[in-house]
Amino acid sequence: MNHTEKTTRHRGTAQHKLASALRLQRLLTEISSRFVTSPQTATREIIESAQRSICETLGLDRSTLWLFSDDGLEMALTCYWQRPGSPPLRRNFVTRGNLPWADRQIREAKSFNFSSLADLPPEADRDREIFRLYGTKANVTFPLVTHGRVFGALAFAKLTDEHLWTDEEVASLELISQIFSHVIGKRRAEERADQLRDEIQRSSRAAVLGELAAALAHEINQPLTTILSNAQAARRFITRGSAETHEILAILDDIIRADKRAAGVVRNLREMLGDKPAQRELLCLNELVAESCALFANDPVNEGIDLMFDPGHVPAHIKLASVEIQQLLANLIANASHAMSGTPPDRRRILIQTRADEDMVHLHVRDHGHGIPPEHLDRIFEPFHTTRPDGLGMGLAICRRIAEAHGGTLKAANHQSGGAVFTFSLPFVVRRPEPTGTSRGSLGRE
Ligand SMILES: Nc1ncnc2c1ncn2[C@@H]1O[C@H](COP(=O)(O)OP(=O)(O)OP(=O)(O)O)[C@@H](O)[C@H]1O
Ligand SMILES: [Mg+2]
């Protein structure tokens with residue numbers, strides 16, 4: 001070979017190298033950007049089309065991508081591309097039993113290649129059989145690693161001929177496997193994060209449903225008790241023959257009212273479940289409280305309790321969901337009654353007051369019970385926190401939710417002269433003062 005021939009040959013090889021380096025670079029850029037712009041759900045399509053581009057650009061016949069199962073026991077064929085007419089492959093084909101030697105190399109984060117089946121070591125006999133079965137004549141395999149952990153492997157093969165892998169080829173394919181490691185590792189992490197988020201959402205939904213079921217049981221219990229005790233009283237009157245029609249009618253009215261209350265609670269919870277806010281109307285707070293007090297004075301839970309209402313100068317009309325405010329009052333009053341079980345009978349008094357300052361109305365419910373231990377002041381609003389043997393611990397959680405749904409707050413404190421006081425505070429916009437004591441159903445003052 002003379003000098004000119006040598007130079008031309010050298011230049012030819014250099015140009016060839018440069019051209020294939022450029023082709024490879026373009027390919028890598030294209031694959032990376034395809035991964036970046038594709039939606040997460042299209043991962044398999046993107047990988048397989050990248051495998052195809054790589055094989056076609058580099059003159060290879062097959063590329064296979066293997067991923068470990070979640071428990072790490074198996075590594076299964078997940079994505080592949082091969083030239084048409086090659087021996088058929090099946091997805092989910094696993095490595096451990098079929099390619100035990102290759103499986104071991106990958107688990108140990110070792111890459112390997114062989115130019116012909118004869119190059120495989122003796123301990124790879126089983127692997128050799130399987131490679132032969134699937135038409136592999138030469139193969140190069142890289143472990144896929146993310147955060148120092150092997151999660152799969154990427155392999156390339158020649159099926160037509162045996163093939164001596166050059167250092168350059170191995171280096172290029174290794175670079176490709178690193179890109180795959182990066183994008184697939186990232187996607188798997190994203191998928192896991194999504195799954196985790198779903199799980200959290202599902203479990204918090206279950207918790208919310210549990211809370212709602214508990215809330216429903218809690219709220220329905222009181223009207224049901226009223227209905228039962230009234231029905232029993234009516235039965236007693238009738239069997240004794242001592243029933244006056246007006247008494248029976250009054251009892252039936254109580255039953256109807258309690259039933260309507262229960263129906264309102266169910267409707268309300270249904271609206272909560274459907275994510276619809278409860279219906280709010282412009283209402284007179286003092287009237288609503290007075291009516292509710294009249295209603296709850298007959299509840300068996302409040303028997304022997306003096307229920308007093310002191311209406312203050314508050315805006316005549318505030319946007320309120322009446323059933324919810326009734327629920328809130330029913331719970332606060334029932335709690336106050338429970339807290340006064342040990343209070344001398346002449347002091348078993350609940351005082352309800354409405355007051356307004358510049359832009360807030362306040363509804364205070366004060367009792368003369370045992371008060372709240374200071375260390376419990378925050379916890380009492382948590383669902384299922386209770387100190388009563390037959391309590392569910394849902395009442396105050398429901399009350400606070402109602403207060404917040406109105407854009408207000410519910411706070412607890414101990415009164416300086418004993419007992420607890422709960423304050424529901426609500427911002428208002430319309431302000432029309434009303435003279436004290438004119439509200440219907442006022443039960444009196446302390
Ligand atoms: N007026 C009050 N005085 C003293 N402690 C109170 C008062 N109201 C509530 N508590 C305390 O707060 C706890 C939680 O009240 P909450 O209404 O949420 O549940 P509960 O009354 O125990 O049960 P239920 O779900 O049947 O209402 C009560 O168990 C009690 O310890
Ligand atoms: Mg309660």
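What counts, and at which threshold
Residues numbered from 1 in each chain as written. Chains lettered and ligands numbered in written order. Predicted model: local features only at pLDDT ≥ 70, side-chain atom pairs only at ≥ 80, totals over all residues. Axes fitted to C-alpha atoms, helices over the stretch in contact; angles between N-to-C directions. Helix = DSSP H or I, 4+ residues; strand = E, 2+ residues; numbered from the N terminus. Parallel < 35°, antiparallel > 145°, perpendicular 65-115°, else oblique. Left-handed = near helix turned anticlockwise from the far one by under 90°. Contact = placed C-beta atoms within 7 Å. Nonpolar A, V, L, I, M, F, W, Y, C, P; charged D, E, K, R; others polar. Expected span 1.5 Å × (residues − 1). Buried ≥ 20, exposed ≤ 12 C-beta atoms within 10 Å, placed from the backbone. Pairing = 2+ DSSP bridges. Near = placed C-beta within 6 Å.

## So, the packing of helix α8 (residues 285–296) against helix α9 (residues 322–339)
Here is step 1 of the chain: At their nearest, the axes of α8 and α9 sit 10 Å apart, and the two run at 50 degrees to each other. Judged on the interaxial angle alone, α9 and α8 are oblique. Crossing of α8 over α9 shows right-handed handedness. Taking contact as the criterion, the partners of L288, V289, S292 and F296 in α8 are, on α9, S322, I325, Q326, L329, A330 and I333.
Here is step 2 of the chain: Among the residues forming the contact of α8 with α9, the class breakdown is seven nonpolar, three polar and no charged.

## What about α8?
Here is step 1 of the chain: The end-to-end C-alpha separation of α8 is 16 Å, in line with the 16 Å expected for 12 residues at 1.5 Å each.
Here is step 2 of the chain: Every buried residue of α8 is accounted for by L285, N286, L288, V289, A290, S292, C293 and F296.

## Brief notes about the sheet that holds strand β3 (residues 112–114)
Here is step 1 of the chain: In space, the five strands of this open sheet follow the order β2-β1-β5-β4-β3, with antiparallel pairing throughout. A strand with exactly one partner marks an edge of an open sheet, and here the two such strands are β2 (75–82) and β3. Averaged over all neighbouring strand pairs, the angle between strand axes comes to 15 degrees, with direction disregarded.
Here is step 2 of the chain: The pairing of strand β1 (residues 62–68) with β2 spans seven bridges and is classified as antiparallel. Considered in β2, the bridge of F68 is made with M75.

## With respect to the environment of L269
Here is step 1 of the chain: Inspection of the secondary structure puts L269 in helix α7 (residues 245–273).
Here is step 2 of the chain: Residue classification places L269 among the partly exposed positions, given that 18 C-beta atoms sit within 10 Å.
Here is step 3 of the chain: Sequence spacing of L269 and A215 is 54 residues, and the spatial spacing of their C-alpha atoms is 8.5 Å.
Here is step 4 of the chain: Discounting chain neighbours no more than four positions away, the residues touching L269 are L212, A215 and L216.

## A closer look at the site of ligand 1
Here is step 1 of the chain: Near ligand 1, the surroundings consist of 23 residues, among which N335, A339, T386, G391 and G395 are the closest.
Here is step 2 of the chain: Of all the elements, α9 adds the most residues to the shell around ligand 1, at four residues.
Here is step 3 of the chain: For the shell around ligand 1, a count of residues per class yields nine nonpolar, 12 polar and two charged.

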